[in-house]
Amino acid sequence: MSGAVRETWSPVSDEYRSVLKGLQETVGACMQCGTCTASCPNGHAMDVTPRAMWRMIQFGMLDRILESRTFWMCSSCYMCTLRCPRGLKLTSAMAALKRLARLDGNRAARRNGAFYEAFMEDVETHGRVQETSMMQRYFLKRKDPALPFTFLPLGVKMLCKGKVHLPSSVHNGVLEPLFAKAREMEGMS
Amino acid sequence: MRYAYYPGCSLMESAREFDVTTRAVMERLGCELIEIPDWTCCGASAAEPVSRLMNYALPARNLAIVEQEMEGLDVLAPCSACYLNLLKVNREVVGDRHLHGQVNEVLAASGLHYRGDVTVRHLLDVLKTDVGAKIAEQKVTDGLKGMKIAPYYGCQILRPYPVFDEPGNPTSMEPFIRAMGGEVFEWRMGNRCCGASLMMGHPEVAIESVAAILADAEGADAIATVCPLCQMNLEAYQARAVKEGGKPVPVLYLTQLMGLALGLDRETVQLEKNLTMTAKVREDMATRAWAMPEPETGTGAAGVTDQPQEKGASHV
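Residues numbered from 1 in each chain as written. Chains lettered and ligands numbered in written order. Predicted model: local features only at pLDDT ≥ 70, side-chain atom pairs only at ≥ 80, totals over all residues. Heavy atoms only, no water.

Here we look at unusual backbone geometry
So, point 1. In this model, B:R159 is joined to B:P160 through a cis peptide bond whose omega is 0 degrees.
So, point 2. Summarising the element assignment, B:P160 is placed in the loop between β5 (148-152) and α7 (174-179).
So, point 3. Although it is not a glycine, A:Y78 sits at a positive phi angle of roughly 65 degrees.
So, point 4. Counting through the fold element by element, A:Y78 comes out in the loop between α4 (62-67) and α5 (79-83). (Helix = DSSP H or I, 4+ residues; strand = E, 2+ residues; numbered from the N terminus.)

Structure, rendered in structure tokens:
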């Protein structure tokens, strides 16, 4: 190993502490059987197995956790949650890891969280997801000028099939009070 | 039978054919769907990675409206993600005093409150439990005789809460496929994840799942889904998935297939909306190419997919 010894028990700021504490409660009873890893359809794309991730959470290895791409590869299929012999809410834990990474706000988190953010911003604005405006938000957030072109053929096909619609403004703003209140309560206002 | 209908955002946008056929098929089967007034997005699988509270408050808002204005009605959701999010409120919020209080505090910002008295049902649950395949069969006017249909259930409809079927080996679509005269295509991928929103940020990962599903469906005349995201992922990325070993298969909503069997008109069934509805598939459907001729009257043991079918040889 070069340089300083890797810090595993990272110092945790107050901001992260509540999410991490919740996570530790969620996976505290994990007995490391590995059923979650064996059940995951996206495991091949993960750098840390789900089983190892729960162990790292138990140990509070925040820096190692945040480096990983594992939780961004979770597609919320709930197979691990269904099969967990301890009945742990593992899919919720993956979502909590995504929230933790958003707090950290590194580049990978901004890129990987872009779709969720675009989706929720669109819901806040329109009350319902408007697919065309949501995709525009997503493209802007990804800051990748080539990205829209990869979706272009599909967009054209959908246009021809009458599956693309102009955003409706009927429900605009309906959800804004709820979003504002939740932000206040979650300490992000 | 009356239900508070929660269509969900996709069914107002790229999955309109699912909305139209759900309403029409349920009406034909004697169910009255009353759309929830001023319903809003459930948050899909995007809310939880952004805000724990909104993940519960968004679906709870819709349940609060039903509780207040449509008392006594069960909610019917055709989309699997909407169904799970609405169900989650009853399973995870109601009964947790602290969380329930927090969610109601958020709802109070819009003058709403949810006690927890609304029952949440998936379309397939209502079909299986309240309607029954026998009733559907009695209404079949124009069967799908011989059509091999692969039932695709996806993830969130039975996971993590297996309310109305066995999540390891779901079978609730099968009686309906048989009632319509179709054949259940035996496969192993019926409950495999389609990759969901990974298709946006990491298509290379999601495509592997789609390719595996489409490869296993080889030989089926169609895949039947009950989820707009499953339908989109399996259908819109077929060309790419085929390069990874998948096979091209039309992907239709169960309600579209039921609509065909129940004799709904073409404008209602909206087959032309499906991206996999190529000229070849449309012709196969029009001529019932999948229907095997009866052995005693048939012109030979024509295979379903590998031999040309005589047009008009197999009226149903």
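What follows continues from the structure just given.
Side note on the interface of chain B and chain A
So, point 1. The partner chain A presents 55 residues to the 66 residues of chain B that form the contact.
So, point 2. A combined buried area of about 5,300 Å² lies between chain B and chain A, and 63% of that area is made up of carbon and sulfur atoms.
So, point 3. Our enumeration of links across chain B and chain A arrives at 2 salt bridges.
So, point 4. Residue A:K163 pairs with B:E17 through a salt bridge whose shortest N-O separation is 2.8 Å.
So, point 5. Counting the contacts that link chain B with chain A gives 23 residue pairs in polar contact (both at pLDDT 80 or more). (Contact = heavy atoms within 4.5 Å. Buried area = accessible area lost by both parts, 1.4 Å probe. Salt bridge = Lys/Arg side-chain N within 4 Å of Asp/Glu carboxyl O. Polar contact = N/O pair within 3.5 Å; in protein donor to acceptor, adjacent residues only side chain to side chain.)

Quick look at the packing of helix α1 (residues 16-28) of chain B against helix α5 (residues 123-131) of chain B
All names here are of chain B.
So, point 1. The contact between α1 and α5 brings their axes to 13 Å, and the two run at 10 degrees. One element, α1, and the other, α5, form an angle in the roughly parallel class. Between α1 and α5, the contacting residues are F18, T22 and M26 on the first element and L123, V126, L127 and V131 on the second.
So, point 2. For the contact of α1 with α5, the per-class residue count stands at 6 nonpolar, 1 polar and no charged. (Axes fitted to C-alpha atoms, helices over the stretch in contact; angles between N-to-C directions. Parallel < 35°, antiparallel > 145°, perpendicular 65-115°, else oblique. Nonpolar A, V, L, I, M, F, W, Y, C, P; charged D, E, K, R; others polar.)

Brief notes about the UniProt feature "domain: Cysteine-rich" (unreviewed entry) in chain B
Residues and elements named next belong to chain B.
So, point 1. Within the UniProt annotation, "domain: Cysteine-rich" (unreviewed entry) is assigned to residues 3-86 and 151-234.
So, point 2. This span, residues 3-86, is 45% helix and 13% strand, and a straight line between its end C-alpha atoms measures 15 Å.
So, point 3. Annotated as 37% helix and 10% strand, the span residues 151-234 places its first and last C-alpha atoms 13 Å apart. (UniProt positions renumbered as here; feature names shortened; annotations may be inferred.)

Details of the packing of helix α8 (residues 114-126) of chain A against helix α9 (residues 131-142) of chain A
All names here are of chain A.
So, point 1. Where α8 contacts α9, the two axes come as close as 8 Å, and the packing angle between them is 135 degrees. Of the possible angle classes, the one that applies to α8 and α9 is oblique. Regarding α8 and α9, the two cross each other, and that crossing is right-handed. Where α8 approaches α9, its residues A114, F115, E117, A118, F119, E121, D122, T125 and H126 are matched on the opposing element by S133, M134, R137, Y138, K141 and R142. (Left-handed = near helix turned anticlockwise from the far one by under 90°.)

A look at the sheet that holds strand β2 (residues 32-35) of chain B
Sheet strands pair via backbone hydrogen bonds, and the direction of the pair is either parallel or antiparallel.
Residues and elements named next belong to chain B.
So, point 1. Pairing in this open sheet of 4 strands is parallel, and the strands run β2-β1-β3-β4 from one edge to the other. The sheet terminates laterally at β2 and β4 (120-122), the two strands that pair on one side only. Shown here is a sheet whose adjacent strand axes are inclined to one another by a mean of 40 degrees, direction ignored.
So, point 2. As paired strands, strand β1 (residues 2-5) and strand β3 (residues 74-77) are joined by 3 bridges and run parallel to one another. Bridge pairing links Y5 to L76 in β3.
So, point 3. Strand contacts of α1: β1, β2 and β3, with the helix running at about 140 degrees to β2, the strand carrying the most contacts.
So, point 4. Contacts from α5 reach β1, β3 and β4, with the element oriented near 85 degrees to β4. (Pairing = 2+ DSSP bridges.)

Here we look at the packing of aromatic side chains
So, point 1. One pass over the full model with this rule turns up 11 aromatic pairs over all chains.
So, point 2. When the centroid spacing of 5.5 Å and the interplanar angle of 50 degrees are considered together, the rings of A:F71 and A:W72 count as tilted.
So, point 3. Overall, the relative accessible area of 0% leaves A:F71 in the buried class.
So, point 4. Since its relative accessible area comes to 4%, A:W72 is described here as buried.
So, point 5. Where B:Y6 meets B:W39, the ring centres are 5.2 Å apart and the plane angle is 65 degrees; that geometry is what we call edge-to-face. (Phe/Tyr/Trp six-rings, centres within 6.5 Å; stacked < 30°, edge-to-face > 60°. Buried < 20%, exposed > 50% of the residue type's maximum accessible area, 1.4 Å probe, protein only.)

Examining the domain arrangement of chain A
Residue and element names in this part refer to chain A.
So, point 1. Partitioning chain A into domains gives domain 1 (1-105) and domain 2 (107-189).
So, point 2. Averaged C-alpha coordinates put domain 1 and domain 2 at centres separated by 27 Å.
So, point 3. Counting residues at the interface gives 6 residues for domain 1 and 7 residues for domain 2.
So, point 4. Across the domain 1 to domain 2 interface the summed buried area is about 610 Å²; carbon plus sulfur atoms make up 56%.
So, point 5. Where domain 1 touches domain 2, the interface holds 1 salt bridge.
So, point 6. Note that E117 and R102 form a salt bridge whose closest N and O atoms lie 2.4 Å from each other.
So, point 7. Our count for the domain 1 to domain 2 interface comes out at 3 residue pairs in polar contact (both at pLDDT 80 or more).
So, point 8. Here the residues of the side of domain 1 that touches domain 2 are counted per class, giving 3 nonpolar, 1 polar and 2 charged. (Domains from an automatic or database assignment.)

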